[in-house]
Amino acid sequence: MEVITHLTLLSILISTLVLISANSLPTVFPASFQFDYTTPPVRVHDTPQRAGLEGQLLDYLLKGYNPMTRPVYHPDTCTMVHITFSLIQIITLAERDQILVSNVWMTMGWKDEFMVWDPAEWGGIELIYIPAPYIWFPDVTLYNNAQVNDPYYDNTKQSIALVKSDGTVSLWPKPLILQSSCQIEVLYFPFDRQNCSMQFSSWAYHSGHVWVTSNDTEVYLGSYINSTEWNIVNTSVTNTRIEYEGMPE
């Protein structure tokens with residue numbers, strides 16, 4: 001039986017225990033994403049004069065741009081998507097329904113080879129803000145979502161992307177409420193310890209086209225609001241490669 005690698009899955013493990021309080025982390029959130037990347041040649045702009053230099057730059061960048069295709073010159077190039085996950089609040093853990101309801105904030109960063117310009121030719125502009133629907137963005141999905149719709153992807157579409165002149169894109173969607181499936185262990189109730197995970201990955205692309213990863217080893221807790229019912233023992237972030245049978249390369 002042939003097994004084909006389909007995608008990369010990011011697992012975020014959140015353990016809870018009514019004994020130990022969470023360790024606080026620094027409150028300074030990373031301002032941007034950094035990547036090892038070779039910048040493609042800068043295109044020469046020929047945009048006619050319009051009101052506002054930033055508006056002219058936006059017209060130049062979006063001229064001929066197709067947000068439905070990955071932003072790479074060569075189809076074999078893999079788009080690396082780096083994410084950072086922040087847990088703001090555990091709203092409830094519905095043990096009977098086995099659903100964790102949490103308030104979270106997750107950011108994404110990647111390289112767009114078509115969003116490149118020379119600041120010297122554009123009045124020193126080094127970054128620009130672009131509504132997410134106008135550019136390509138990854139279809140990162142919560143795989144163990146317990147809701148009918150996909151709240152994270154819907155929230156992403158309403159976000160504003162920060163684009164730098166070297167093609168670095170940072171997308172910071174608004175915080176949102178997630179409902180994720182969590183297998184509950186009730187053997188030691190009410191002094192129970194639960195281990196809940198949130199699994200994120202691209203829904204449509206396999207790992208050769210879009211690789212979802214994180215440089216973090218723990219969930220960011222700098223803005224966490226303590227729960228009156230659950231205390232966080234520890235968190236971890238792991239990058240996991242999942243193989244599916246019969247999926248096309």
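Procedures and definitions
- Residues numbered from 1 in each chain as written.
- Predicted model: local features only at pLDDT ≥ 70, side-chain atom pairs only at ≥ 80, totals over all residues.
- Heavy atoms only, no water.
- Helix = DSSP H or I, 4+ residues; strand = E, 2+ residues; numbered from the N terminus.
- Buried < 20%, exposed > 50% of the residue type's maximum accessible area, 1.4 Å probe, protein only.
- Contact = heavy atoms within 4.5 Å.
- Areas by Shrake-Rupley, 256 points an atom, 1.4 Å probe, with all protein chains shown as cover.
- Disulfide = S-S within 2.5 Å.
- Core = buried A, V, L, I, M, F, W, Y, C linked by side-chain atoms within 4.5 Å.
- Phe/Tyr/Trp six-rings, centres within 6.5 Å; stacked < 30°, edge-to-face > 60°.
- Salt bridge = Lys/Arg side-chain N within 4 Å of Asp/Glu carboxyl O.
- Pairing = 2+ DSSP bridges.
- Patch = residues over 30% accessible without salt bridge, like charges linked within 9 Å, V, L, I, M, F, W, Y side chains within 5 Å.

## A look at the overall build of the protein chain
The number of helices and strands found in the protein chain is two helices and 11 strands. When the helices and strands of the protein chain are listed from N to C terminus, the series reads β-α-β-β-β-β-α-β-β-β-β-β-β. The proportion of buried residues among the 249 residues of the protein chain is 46%. Considering only residue pairs separated by 6 or more positions, the protein chain has 79% of its internal contacts joining residues 24 or more positions apart. Counting every atom, the protein chain has about 13,100 Å² of accessible surface; 54% of that belongs to carbon and sulfur.

## A word on the state of the cysteines
Applying the stated criterion across every chain yields a total of one disulfide. The disulfide bridge from Cys182 ends at Cys196, spanning 2.0 Å between sulfur atoms. Measuring the twist about the S-S bond at about -80°, one finds the Cys182-Cys196 disulfide to be left-handed. Of this pair, Cys182 sits in the loop between β8 (176-181) and β9 (193-202) while Cys196 is found in strand β9, placing the two residues 14 residues apart along the sequence. Among the residues examined, Cys182 registers a relative accessible area of 3% and is labelled buried.

## Considerations on the nonpolar core
Membership of the largest hydrophobic core comes to 46 residues, with the highest contact counts inside it found for Leu87 and Trp117. Sorting elements by how many residues they give to this core places strand β2 (residues 79-94) first, with six residues.

## Side note on unusual backbone geometry
Residues other than glycine seldom take positive phi values, yet Gln98 does so here, at roughly 55°. The topology assignment puts Gln98 in the loop between β2 and β3 (99-111). The exposure class assigned to Gln98 is partly exposed, which follows from its relative accessible area of 33%.

## Points about the environment of Leu58
Position of Leu58 relative to the elements: it lies in helix α1 (residues 53-62). Put simply, Leu58 and Ile130 are 72 residues apart on the chain and 7.9 Å apart in space, counted from C-alpha to C-alpha. Residue contacts for Leu58: discarding those within four places in its chain leaves Ile128 and Ile130.

## Some words on the packing of aromatic side chains
Under the criterion given, the structure shown has eight aromatic pairs. Ring centres 6.3 Å apart and planes at 85° place the aromatic pair Tyr65 and Phe114 in the edge-to-face group. In this pair, Tyr65 is assigned in the loop between α1 and β2 and Phe114 in the loop between β3 and β4 (127-131), connecting sequence segments 49 residues apart. For Tyr65, a relative accessible area of 13% puts it in the buried group. The interplanar angle of 85° and the centroid separation of 6.0 Å between the aromatic rings of Trp110 and Trp136 together place this pair among those described as edge-to-face. Note that Trp110 is positioned in strand β3 and Trp136 in the loop between β4 and β5 (140-142), a separation of 26 residues in sequence. Of the two residues, Trp110 and Trp136, neither departs from the other in class, the shared state being buried. An aromatic cluster of at least three residues, connected via ring pairs, comprises Tyr65, Tyr73 and Phe114.

## So, the pattern of salt bridges
Working definition: two side chains of opposite charge can pair if their charged atoms are close together. Using the criterion set out here, one finds one salt bridge in the structure. Put simply, Lys111 and Asp166 hold a salt bridge, and the shortest N to O gap is 3.2 Å. Here Lys111 is found in strand β3, whereas its partner Asp166 is found in the loop between β6 (160-164) and β7 (168-171), with 55 residues between them in sequence.

## What to know about the pairing of β4
Where burial is concerned, the two faces of β4 differ: the one with Ile128 and Ile130 is buried and the one with Leu127, Tyr129 and Pro131 is not. Bridge count for β4 against β6 is five bridges, and the pairing is antiparallel. Across the sheet, the residue bridging to Leu127 is Lys164, located in β6.

## Digging into a nonpolar patch on the surface
There is a patch of nonpolar side chains on the surface, built from Leu127, Tyr129 and Ile160 and spanning about 290 Å² of accessible area. Considering the arrangement of structural elements, one finds Tyr129 in strand β4.

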